Amino acid sequence: MQKNKTKIYRIQISAATENLSIIRGFIQQIAQKAGFDAEQIDQIKLAVDEACTNAIKHAYRFDASKMIDLEIRLSDDQLEIVVTDYGPGFDPSKLDQPDINKNAKKAKPGGLGIHLMKTLMDAVDFDITPGQKTQVHLVKYRTANKHH
Amino acid sequence: MSGFKVTRVDKGDVTVLYLSGFLDAHTVPDFEKALQEAINEKRYKIIVNFKDLDYISSAGLGVFMGFIEEVRANDGDIKLSNLSPRVFKVFDLLGFPALFEIFDDEEQAMEKFLKPE
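Just so it is clear, the model here is predicted, and its values are computed rather than measured.

*Asks:* Would you mind showing me how to read the packing of aromatic side chains here?
*Replies:* Each aromatic ring pair is characterised by the separation of its centres together with the angle its planes make. One pass over the full model with this rule turns up seven aromatic pairs over all chains. Taking the centre distance of 6.0 Å and the plane angle of 25 degrees together, the rings of F50(B) and F64(B) count as stacked. With F50(B) in strand 3 (residues 45-56) and F64(B) in helix 2 (residues 58-73), the pair connects residues that are 14 residues apart, well separated along the chain. In this structure F50(B) comes out as buried when scored by relative accessible area, which is 0%. Residue class for F64(B) comes out buried when judged on its relative accessible area of 0%. Aromatic side chains F64(B) and F91(B) sit 5.8 Å apart centroid to centroid with 75 degrees between the ring planes, which places their arrangement in the edge-to-face category. Highlighted residues: F64(B) in helix 2 and F91(B) in helix 3 (residues 85-93), separated in sequence by 27 residues. Among the aromatic residues, those joined into a ring-pair cluster are F31(B), F50(B), F64(B), F91(B), F96(B) and F100(B). Over the aromatic face of Y55(B) sits the side chain of R24(A), whose NZ or CZ is 4.2 Å from the ring centroid. Just above the ring of F113(B) sits the side chain of K79(B); from NZ or CZ to the centre is 4.7 Å.

The following block contains the structure:
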């Protein structure tokens, strides 16, 4: 493979929960082909599921006529998935540190999913344009220690 | 591998829900419905057996948080059994072992209901 060559895969899919399994399958195939191990593939799939679930539930409120864009950028050192929705956006700083010991029903919506994404991936960034779109960047390095 | 199924078996006072397939935001309503039905029948001693569950996301875990207070307020509990290592890992990441009793197999969970210490 040519050095620093980034492969890009894109899909646009309607924001329906029934598509989550299709999205996981798509991610699985790319991560597998890229040589990630079974545990890493599980982590990447779950993180992408969480990002898409948040888009479906919170950005679109289950309106399946809306679309989610997924872009997967595969390079020599990392796999990056960008999940884009065109909902109103939110303040991610208010969702940090969910406390499941408190009344579960009062937990901030989407908080558990964001906590999971941050735990499962090497880097998670939110790029929010209020009222226009939200992009979640999920990054997994090819090796556990990127500074080896 | 595909889809999700929940099968309920009542064993004396204890209701066991067997999950198979994947539990995500799409299949969560089926699981919620099964739990709600048991609770509507005032069956508050519940074991969820994960033996054939391949995948769970936080949407699935949210169901447990949504029901546990009501169940415990009625002297019941939701106990978990037979989690595969990959499913357990998700529960563990979100701190669930501190909140729920998780058993290697269903018999141990049943024992705990029948002979509480």
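*Asks:* So what exactly am I meant to see when it comes to the nonpolar core here?
*Replies:* Within soluble globular proteins, side chains that are nonpolar generally end up buried alongside one another. Of all hydrophobic cores here, the largest spans 72 residues; its most connected members are I81(A), L138(A), F31(B), F50(B), F64(B), I78(B) and F91(B). Per element, the largest residue contribution to this core is ten residues, and it comes from helix 2 (residues 38-59) of chain A. Apart from the residues lying within four places of it in its own chain, the contact partners of F64(B) are F31(B), V48(B), F50(B), I78(B), L80(B), F91(B), F96(B) and F100(B). Formed by seven residues, the second largest nonpolar core is a distinct cluster that contains V16(B), F103(B), A109(B) and M110(B).

*Asks:* Would you mind showing me how to read the sheet that holds strand 3 of chain B here?
*Replies:* All names here are of chain B. Strand order in this open sheet of five strands is 1-2-3-4-5, and the pairing throughout is mixed. Of all strands in the sheet, those bounded by a partner on one side alone are strand 1 (4-11) and strand 5 (102-103). Note: strand 2 (residues 14-23) against strand 3, nine bridges, orientation parallel. Note on strand 3: the bridge partner recorded for V16 is I47. Helix 3 rests against strand 3, strand 4 (77-81) and strand 5 of the sheet, and its axis sits at about 115 degrees to strand 3.

*Asks:* Just to check I follow, could you spell out the interface of chain A and chain B for this structure?
*Replies:* It is common to give the size of an interface as the accessible area lost on bringing the parts into contact. Contact with chain A, which involves 24 residues of that partner, is made by 20 residues of chain B. Together, the buried faces of chain A and chain B total about 1,900 Å²; carbon and sulfur atoms form 63% of this surface. Viewed at the interface, chain B and chain A are joined by three salt bridges. Residue R24(A) pairs with D24(B) through a salt bridge whose shortest N-O separation is 2.8 Å. On the surface where chain A and chain B come into contact, there are seven residue pairs in polar contact (both at pLDDT 80 or more). For the side of chain A that touches chain B, the secondary structure elements donating two or more residues are helix 1 (20-33), helix 2 and helix 3 (111-120) of chain A. If you tally residues by element for the side of chain A that touches chain B, the top one is helix 2 of chain A, at eight residues.

Definitions and cut-offs
- Residues numbered from 1 in each chain as written.
- Chains lettered and ligands numbered in written order.
- Predicted model: local features only at pLDDT ≥ 70, side-chain atom pairs only at ≥ 80, totals over all residues.
- Heavy atoms only, no water.
- Phe/Tyr/Trp six-rings, centres within 6.5 Å; stacked < 30°, edge-to-face > 60°.
- Helix = DSSP H or I, 4+ residues; strand = E, 2+ residues; numbered from the N terminus.
- Buried < 20%, exposed > 50% of the residue type's maximum accessible area, 1.4 Å probe, protein only.
- Lys NZ or Arg CZ within 6 Å of the ring centre and 35° of its normal.
- Core = buried A, V, L, I, M, F, W, Y, C linked by side-chain atoms within 4.5 Å.
- Contact = heavy atoms within 4.5 Å.
- Pairing = 2+ DSSP bridges.
- Axes fitted to C-alpha atoms, helices over the stretch in contact; angles between N-to-C directions.
- Buried area = accessible area lost by both parts, 1.4 Å probe.
- Salt bridge = Lys/Arg side-chain N within 4 Å of Asp/Glu carboxyl O.
- Polar contact = N/O pair within 3.5 Å; in protein donor to acceptor, adjacent residues only side chain to side chain.

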